[in-house]
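Okay, here's what each chain looks like letter by letter:
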Amino acid sequence: MDTQLALWEVFIQKKSGGDHTHCGSVHASDSAMALQNARDIYTRRNEGSSIWVIPSQFVTASKAEDADMLFDPADDKIYRHPTFYVMPEGAKQI
Amino acid sequence: MNTTLDIHSFQEKLDKDYNIEPKDVMPDDYRKHLIRQISQHAHSEVIGMQPEGNWISRAPSLRAKQILLAKIQDEGGHGLYLYSACETLGISRDELIEQLHEGKAKYSNIFNYPSLTWADIGAIGWLVDGAAIVNQVSLQRTSFGPYARAMVRICKEESFHQRQGYEIMATMMNGTKEQREMAQDAMNRWWWPSLMMFGPHDSDSPHSGKAFEWKIKLKSNDELRQKFIDKTVQQAEVIGLTIPDAQLKWNEDKQGYDHGEINWDEFKRVINGNGPCNKQRMDHHKKYHAEGAWVREAAAAYAETISKI
Amino acid sequence: MTNQEALYIYLLRLGDNALINGHRLAEWCSRGPFLEEDLAMTNIALDNIGRSQAFLKYAAAIDGKGKTEDDLAYKRGEREFYNHLITELPIGDFAYTVAKQLIMSCFDVLVFTDLSNSKDETIAGIAAKALKESRYHFVHARDWSYRLGKGTEESHRRYQNAIQDLWMYTGELFEMNEVENILLQEGISNNLQEVRSNWINLIMPILQDSSIRIPTVDYMQTGSCKGIHSEHLGHILSDMQYLQRAYPDAKW
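About the thresholds
One numbering rule holds for all chains: residues counted from 1, following each sequence as written. Each chain is given a letter, starting from A, and each ligand a number, starting from 1, according to the order in which they appear as written. Restriction of local features to residues with pLDDT of at least 70 applies here, the model being predicted, together with a cutoff of 80 or more for giving and counting side-chain atom pairs; totals for whole chains, interfaces and linings are based on all residues. As a rule here, side-chain values come from all non-hydrogen atoms in the structure, and water together with hydrogens is ignored. A pocket here means an open set of points on a 1 Å grid, computed over the protein atoms alone, that has protein on both sides within 12 Å along at least five of seven lines. A cavity is instead a set of points where a 1.4 Å probe fits but cannot get out; residues with an atom within 4 Å of a point line either one. Grid points are joined across faces, edges and corners, and a volume is the space filled by probe spheres set on the points. Only DSSP runs of H or I reaching four residues or more are called helices, and only runs of E reaching two or more are called strands; each is numbered from the N terminus. Gly is put with the polar residues, along with every residue not named as nonpolar or charged; the nonpolar set is Ala, Val, Leu, Ile, Met, Phe, Trp, Tyr, Cys and Pro, and the charged set is Asp, Glu, Lys and Arg. When DSSP locates at least two bridges between a pair of strands, those strands are taken to pair. Here an axis means a line fitted to C-alpha atoms, over the contact stretch when the element is a helix, while the angle between two N-to-C directions is reported on a 0 to 180 degree scale. Here roughly perpendicular refers to angles of 65 to 115 degrees, roughly parallel to angles under 35, roughly antiparallel to angles over 145, and oblique to all remaining angles. Should the near helix be turned anticlockwise from the far one by less than a right angle, the crossing is termed left-handed; should it be turned clockwise, right-handed. Throughout, a residue-residue contact means that at least one pair of heavy atoms, one from each residue, lies within 4.5 Å. Only buried Ala, Val, Leu, Ile, Met, Phe, Trp, Tyr and Cys residues count toward a nonpolar core, and they belong to the same one when joined by side-chain atoms within 4.5 Å. Any residue under 20% of the maximum accessible area for its type is buried, any over 50% is exposed, and the rest in between are partly exposed; the area is computed with a 1.4 Å probe on protein chains only. Summed over both partners, the accessible surface that disappears when two parts come together, traced with a 1.4 Å probe, is what is meant by buried area. Here a salt bridge means any side-chain nitrogen of Lys or Arg lying within 4 Å of a carboxyl oxygen belonging to Asp or Glu.

A.B. asks: Could you clarify how one ought to interpret empty space enclosed by the protein in this entry?
C.D. replies: Leftover empty space is mapped by rolling, across the atoms, a probe with the size of a water molecule. Enumeration according to the criterion identifies 4 cavities of 30 Å³ or more in this entry. Of the pockets and cavities examined, the largest cavity occupies roughly 210 Å³. For the lining of the largest cavity, the secondary structure elements donating two or more residues are α5 (93-101) and α12 (278-291) of chain B together with α2 (35-63) of chain C. Taken as a whole, the second largest cavity holds about 170 Å³ of empty space. Lining the second largest cavity are 18 residues, and of these C:L14, C:N17, C:H84, C:F107 and C:V111 sit closest to its centre. For the lining of the second largest cavity, the elements supplying multiple residues, two or more each, are α1 (3-26), α2 and α5 (94-115) of chain C. Residues that form the lining of the second largest cavity fall into these classes: 9 nonpolar, 5 polar and 4 charged.

A.B. asks: How should I be thinking about the sheet that holds strand β1 (residues 6-13) of chain A in this particular structure?
C.D. replies: Hydrogen bonding along the main chain pairs the strands of a sheet, whether they run parallel or antiparallel. All names here are of chain A. Pairing within the open sheet is antiparallel, and its 3 strands lie in the order β2-β1-β3. The strands lining the two open edges of the sheet, one partner per strand, are β2 (20-28) and β3 (50-55). Each adjacent strand pair in this sheet contributes to an overall mean axis angle of 30°, direction not counted. Sheet analysis places β1 next to β2, joined by 8 bridges and oriented antiparallel. The residue bridging Q13 from the neighbouring strand is H20, located in β2.

A.B. asks: How do you make sense of the packing of α5(B) against α12(B) when you look at a structure like this?
C.D. replies: A pair of packed helices is captured by two measures, namely the crossing angle of their axes and the spacing between those axes. Residues and elements named next belong to chain B. Close contact between α5 and α12 brings their axes to 10 Å; oriented N to C, the two are set at 140°. Taken together, α5 and α12 sit at an angle that is classed as oblique. By crossing handedness, the relation of α5 to α12 is classed as left-handed. Touching I97, L100 and H101 of α5 are M282, H285, K286 and H289, all from α12. For the contact of α5 with α12, a count of residues per class yields 3 nonpolar, 3 polar and 1 charged.

A.B. asks: Got a minute to help me understand the nonpolar core in this structure?
C.D. replies: Most often, soluble globular proteins keep nonpolar side chains buried together rather than apart. Residues B:W118, B:W191 and C:Y159 are the most contacted members of the largest nonpolar core, which totals 190 residues. Of all the elements, α5(C) adds the most residues to this core, at 15 residues. Other than its neighbours up to four places away in sequence, C:Y159 contacts C:A95, C:V98, C:A99, C:L102, C:S145, C:L148, C:G149, C:L207, C:S210 and C:I212.

A.B. asks: Where do I start with unusual backbone geometry in this structure?
C.D. replies: Peptide bonds are mostly trans, and most non-glycine residues show a negative phi. Residue and element names in this part refer to chain B. Backbone geometry at D17 places phi at a positive 60°, although glycine is not the residue there. At K215, a residue that is not glycine, the phi angle is positive and equals roughly 60°. Assignment of secondary structure puts K215 in the loop between α9 (208-213) and α10 (221-239). Relative accessible area serves as the criterion here: at 25%, K215 is assigned to the partly exposed category.

A.B. asks: Just to check I follow, could you spell out the pairing of β2(A) for this structure?
C.D. replies: As a general feature of sheets, a regular strand has side chains that alternate between the two faces. Taken across its 9 residues, β2(A) has 7 buried, putting it largely inside the fold. What sits between β1(A) and β2(A) in their antiparallel hairpin is a turn of 6 residues, with A:G17 showing a positive phi close to 100°.

A.B. asks: What am I meant to see in the interface of chain C and chain A here?
C.D. replies: Where interface size is quoted, it is often the accessible area lost as the parts come together. The interface of chain C with chain A comprises 12 residues on the first partner and 14 residues on the second. Interface area, chain C with chain A, both sides summed: about 1,200 Å², of which 50% is carbon and sulfur. It is C:E36, C:Y136 and C:R147 in chain C that bury the most area against chain A; as a group they hold 48% of the surface buried on that side. Taken together, the connections running from chain C to chain A amount to 1 salt bridge.

By themselves, these are just geometric observations and shouldn't be taken as functional.
Next comes the structure, spelled out in structure tokens:
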């Protein structure tokens, strides 16, 4: 049986200190190859300072039909945001 | 699951110009249309490596050699981004390649023409990539998220491709008599096939209806073709190249060029497999895919033994 | 031979090695075993061609006759090239290329480590950049060495054959002649005899871990230091130099 090898998700950190952001996927047979392929494909133009690769099979994604159940309940919790609170006139921000 | 409701929310997303994401519920025809379009796009990038690859070993300077190699590598990278986008729809790259080899999936007709002289490398970069980018810019806002994101990345990377092609043409038009003739000859051979890249006239375009409704396609074939012509004619004039179309004329009313009729018989003939290089391109792809099989097997077998995954 | 003449030849050798190796690797473009590897090979080819441009540019400056790096790449004949024979051999199958790359990248890492401390600042600068690139080429070749050596029966057989076929071209890498001796005394080049023992220490464990038998050969090929090559180089040049030769007045 032919194979294009396993699928890996690639996360690139642009600058040290920043987030690793998902940027695409590569095919590779092992983690060393996945890392090298990610480097050769996604950082050709100085896009990276660090790379994570994760086998796609280990990514668990939330389901679209659950979106309302998962995310809508946060809509009305506006007290979690600083702008909810009234600052007395003249008080300075910390 | 209430399917009607899902389609409704799919439609709602489209209406609000939200991206459709892989895990979203989507009509089966939408998925099929996307797989066909994205894989055709991916195959085009990959097959497109061949006519340009034909000149890597003969590039006339170290600078030109590096630029050409980096450019063809980009095409491969773009093929890869697009395969990735397609894979999110639940089809493997294996299957996509199989469809290509069985002739079920197509690639852009333009790559069935040969690259005969160095000027062809200029013409491909300038005209073929120029045409491709007009199309790709409009696809950055296509409705399927992974496709749109791949397009954004591709457009960013491709911006140098068209320029380097134009630079080659400009340098040659500035050079010896032989070079100018070579450049004009390449122009003559690549102009019409480039116009064909946008596909049939809107009135004859069989797949466009649904593609517009689903916001996969945002601009029509003729609109995009017109945009390309208007942009390119001026660039040709600046460097002294003649567009091989006696009927080409500025139309003051539409603020664009009118052009002669495209040879649709040739278009159909090449699409149906009788272009100068159809067989050569497919044979090349099949050959190296087959020759790579033992390498892929070895890598997979080694991974089993170390079970790093 | 003056120091300047020695330096010129030495730079040609560094430049030619990178140029011919890069030229060969570029042949993998659109021919890789899968798309990711196609792109990886191209990256290595690009590193090499870029490196050759830097070395040949410096060679042209040392030569002082108003030539450019392109003149040196595109207008010299077979007998004026100094690349090691191994670089000009055909790419063969993927195992053959991996074997070539393992042999050359081990060598390059060691040479450029030394040359990054060269008393010639231009060489040291190019070498420091080349070293970073070659360290990556080395890791890439090493990991494929393991995969092919221990992958399947077929990959092992192909890889073992490739190492066997190529081994007779490794002796030449460590030859010291007048050019190297002059520059070694000046602190510009390095001692290739020392590189040889380091190279063996570097490559042997990798081949062993790849389950590859170390070949024994009766004779090591030689000749490139005198510009005597295999038949392959002439074909590379007739291909590579075609436009420059066919249209000598043209600028591209």
